[in-house]
Each structure stands twice: as C-alpha cells, then as structure tokens.
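# A structural walkthrough
Residues per chain are reported as follows:
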Amino acid sequence: MDSYQVLYKERKGQVLRKAKFGCLTGTYALNVTMGCGFSCVYCYARGYTNAPPKGKVYLFTNLPYLLTKTLDGIHRRVRPDYVVLNTASDCFQDHPDILNITYQVMEVLLSRGIGISFLTKGYIPDRFMGLFKRYCHHIMAQVGLVSLSEKYWKTFEPGAARPQERLENISRLKDMGVIPQVRMDPIIPFITDTEKDIDEMFKRLRSLDVKSVSLSYLHLRPAIMDHLKRELPSIYKKLVESLFQGQKWTHVGTSTKTKLVPLGLRKKGYQRIKSMADRYGISTFICACKNPDLKGSICISGQIASHFRPKGALRDEQLSLFC
Ligand code: SF4
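So, a few notes on the structure that sits alongside this text.

## What to know about the overall build of the protein chain
On a plain count of helices and strands, the protein chain comes out with ten helices and 14 strands. Across the 323 residues in the protein chain, those meeting the buried criterion constitute 57%. Sequence separation of 24 or more characterises 78% of the internal contacts of the protein chain that already satisfy a separation of 6 or more. When the accessible surface of the protein chain is summed, it comes to about 13800 Å², and 53% of that surface belongs to carbon and sulfur atoms.

## Quick word on the pattern of salt bridges
Counting across every chain of the model gives 14 salt bridges. A salt bridge links D185 to R183; its shortest N-O distance comes to 3.8 Å. For D185, a relative accessible area of 7% puts it in the buried group. The class for R183 is buried, based on a relative accessible area of 4%. The closest approach of N and O atoms between D185 and K290, which form a salt bridge, is 2.7 Å. Linking D185 in strand 9 (residues 181-187) with K290 in the loop between strand 14 (283-286) and helix 10 (300-308), this pair joins segments that are 105 residues apart in sequence. As far as the burial class goes, D185 and K290 line up, both buried. Residues participating in the shared-partner salt-bridge network are R46, K54 and E231.

## Thoughts on the sheet that holds strand 2 (residues 17-18)
One open sheet holds the eight strands; their spatial order is 2-3-6-7-8-9-10-14, and the pairing between them is mixed. Only two strands of the sheet have a single neighbouring strand rather than two, namely strand 2 and strand 14. Pairing of strand 7 (residues 115-120) with strand 8 (residues 139-144) involves five bridges; the strand directions are parallel. Bridging across to strand 8, L119 finds its partner in Q142.

## Some remarks on the side chain of K121
When you line up the elements, K121 lands in the loop between strand 7 and helix 3 (126-134). Contact partners of K121, with chain neighbours within four places excluded, come to F38, C40, Y42, D90, G144, E157, A160, A161, R166 and D185.

## Notes on the sheet that holds strand 1 (residues 5-9)
In spatial order, the strands read 1-5-4; together these three strands make up an open sheet with mixed pairing. With one partner strand each, in any of the chains shown, strand 1 and strand 4 (33-34) form the two edges of the open sheet. The pairing of strand 4 with strand 5 (residues 56-60) spans two bridges and is antiparallel. Bridging across to strand 5, T33 finds its partner in L59. Each of strand 1, strand 4 and strand 5 is contacted by helix 2 (residues 96-110), which is oriented at about 35 degrees to strand 5, the strand it contacts most.

## A word on the pairing of strand 10 (residues 212-217)
Every other side chain in a regular strand lies on the same face of the sheet, so the side chains alternate between the two faces. When you tally the buried positions in strand 10, you get six out of six residues, the bulk of the element. With burial as the criterion, each face of strand 10 is covered, one bearing S212, S214 and S216 and the other bearing V213, L215 and Y217. Pairing analysis gives four bridges linking strand 9 to strand 10, with the strands arranged parallel. The residue bridging R183 from the neighbouring strand is S214, located in strand 10.

## Brief notes about the environment of Y4
Here Y4 is to be found in the segment before strand 1. Spatially, the C-alpha atoms of Y4 and K54 are 7.9 Å apart, while their sequence positions differ by 50 residues. The residues touching Y4, leaving out its near neighbours within four places in the chain, are G37, G55, V57, Q93, D94, H95 and I98. A distance of 2.8 Å separates polar atoms of two side chains, one belonging to Y4 and the other to D94. Within polar-contact distance, the side chain of Y4 engages the backbone nitrogen of H95 at 3.3 Å.

## Here we look at helix 2
Taking 1.5 Å as the rise per residue, helix 2 with 15 residues should run 21 Å; its terminal C-alpha atoms sit 21 Å apart, in good agreement. Restricting attention to buried positions, one finds in helix 2 the residues I98, L99, I101, T102, Y103, V105, M106, V108, L109 and L110.

## Looking at the packing of helix 7 (residues 222-231) against helix 8 (residues 234-244)
Two elements in contact, helix 7 and helix 8, have axes whose closest approach is 8 Å; the angle formed by their N-to-C orientations is 155 degrees. Between helix 7 and helix 8, the interaxial angle falls into the category roughly antiparallel. In the packing of helix 7 onto helix 8, the handedness of the crossing is left-handed. On helix 8, the residues that touch M225, L228 and K229 of helix 7 are K237, V240 and E241. In the contact of helix 7 with helix 8, the residues fall into three nonpolar, no polar and three charged.

## Points about helix 1 (residues 63-72)
Buried within helix 1 are the following residues: L63, P64, L66, L67 and L71. Projected down its long axis, helix 1 shows its buried positions confined to an angular sector of 165 degrees, all on one face. Check the buried side of helix 1 and you find it contacts strand 3 (28-30), strand 5 and helix 2.

Rules and cut-offs
Residues numbered from 1 in each chain as written. Predicted model: local features only at pLDDT ≥ 70, side-chain atom pairs only at ≥ 80, totals over all residues. Heavy atoms only, no water. Helix = DSSP H or I, 4+ residues; strand = E, 2+ residues; numbered from the N terminus. Buried < 20%, exposed > 50% of the residue type's maximum accessible area, 1.4 Å probe, protein only. Contact = heavy atoms within 4.5 Å. Areas by Shrake-Rupley, 256 points an atom, 1.4 Å probe, with all protein chains shown as cover. Salt bridge = Lys/Arg side-chain N within 4 Å of Asp/Glu carboxyl O. Pairing = 2+ DSSP bridges. Axes fitted to C-alpha atoms, helices over the stretch in contact; angles between N-to-C directions. Polar contact = N/O pair within 3.5 Å; in protein donor to acceptor, adjacent residues only side chain to side chain. Expected span 1.5 Å × (residues − 1). Parallel < 35°, antiparallel > 145°, perpendicular 65-115°, else oblique. Left-handed = near helix turned anticlockwise from the far one by under 90°. Nonpolar A, V, L, I, M, F, W, Y, C, P; charged D, E, K, R; others polar. Arc of directions from axis to C-beta.

Structural measurements only, silent on function.
Structure below.
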C-alpha cells in the first residue's frame, strides 16, 4: 500500500455540519480527517480546494472531545438521530491514530443511540467489529468495491485495502448482524465492466448474502483528469481520455464542471450489469446523485438520511461529495 503522512490538527468550530449535496442534503456529517491516505486516482475529494496534497492527511485529534461536548453540553445545539461519517475521506485509513480517533467518534455516537453510516474501501479492524456487534441496529455500512482484479486495485486504488480484504469486511460485518450494501463506483467502461469481471464479482457477493449494489460510472472533473494523467499508465490514460472526448462539462451535484460517460454507454452498461446481478438474486440501482440524466435511486445512506433528516437549524456547510 502507498504510505502517507498524518499531520495533527485541532478542529475549530462546529463539529457536526449539514451536508449539502445529493441525497445527503441536510444530514449531519463529520469527517475525521481532511484528505484521505488511500489516494485513489479517481477521487473527487482530492480535487477540492481545501484538500491537502497527495501523501498528507490532517487528523482532527480533538473530535471525540468536541463531539461529546456538542452532544452532552449544557448548551447543546444538536442531537441528531443519525450521522454520516467521512464523506470526503475513509473511516478505516490504516494509521493507528486515525483508527483510534475514528473508534472514539463512533463510540461517542453509538453509545448515545445515534446511528452511523459509513462507506469504506479500507480494512475494518476487529475491535470495530466488537463495537458494531453491540450496536448493529445503528450501523449502515457500505463497502466500496468495483472489481476483484488485483491489477485494477494496484492501478486505481493502490492505498486502499485489497479486494479480498473488502470481501472479508462484508463477511465479518454480516457475522455482526450488519449486512452492508456494496457500492460499485466508479465503474470504468472496458476496464471494470467486462462480463467476466462482473460475473465473478456478483458470484462472490451472492455467496456473502449481499442483497443490494449501487452502480455509478466514472465522472470526470478537471482535477481528476490531472491526477489520472499523472498517476495512470499511459494505456489507461488514453482509454479514459477517449471515453470523455466530446462530452460537455455539465452540472452534477455541487460541481459545475463534470463530464459523464456518454449516456448510451452508461444505459447499456447499467442494463447489462443489472441483468447479470438478477441472475444471482442481487438487486442493483443506479446512483441518482451521480446520474442526473437517468432515472436512479438513492443508496442506503440517502434513504436513512431522508428518514432522519434533522429539523433543527445548524449552519449549512459545504462538504465534499460522497466519494
Ligand atoms: S475515493 Fe474515497 S477511499 Fe479513495 S481516496 Fe477518495 S475518499 Fe479515500
């Protein structure tokens, strides 16, 4: 795995902020780090203006304290039912200090009856599983997994956990009473959506009792294109460039400059993937947030977010797009 440096920082201001994008709009969210050590080459969050450079991650060390104060303090301003964790980073970045703070944050929330939602491409350590077992009805988990290919992993997500480890997460979460949803995002035409790869993936997911998979093809933004150019081998770079050639910049979520994979290609691809999933009894849906031109659905986080959307007033804050 690629290494990264953790820089320690005190968080200032409100600790829980309302997301302002897609299906999570209005839901309380919290990021334990600024930046993400996994550095996936296609990561949207790496392109945000406040994102640290590749290889550096800021860890907010005072989060457990601030969160406790916010939730229990005399002047408490907010008591959400549900919090989305790490909308622009990953809960399970493999650094002991990040994991410690993440654990404490989760414990502060769960022990107060507040549900949590997370999406991860990391490996979930055993001690978290113990916590999840105690609070399994308050955990909404999504595992990001787009391909089982080691070559894909090493090329596109070299800092994240191996595909096999992510499958193990699913199995271990299931043992704790949490059935995660799988998020196939970003699907990359001709690289991760071949019949053989998808079939192998659904076969494995079926064996782990996964019921639901959300689908989304790759997006392109100017910053992502820069990362792809710098970090991908030329054969992939050329393929990605050719996919988006002639596509117009369009408005998706909070971004005014996004290119989508051509509509025809996406439609056919989603239909093909759906048919394959059907054979294994797995339901698929197109992520509505990332496919504004198609009829999509909202993922488990979005569904729960809309159920628990807070009525209270906290300052609206721009957070990054769920990666
Ligand atoms: S895509 Fe997610 S896991 Fe990958 S670098 Fe971005 S925040 Fe981290």
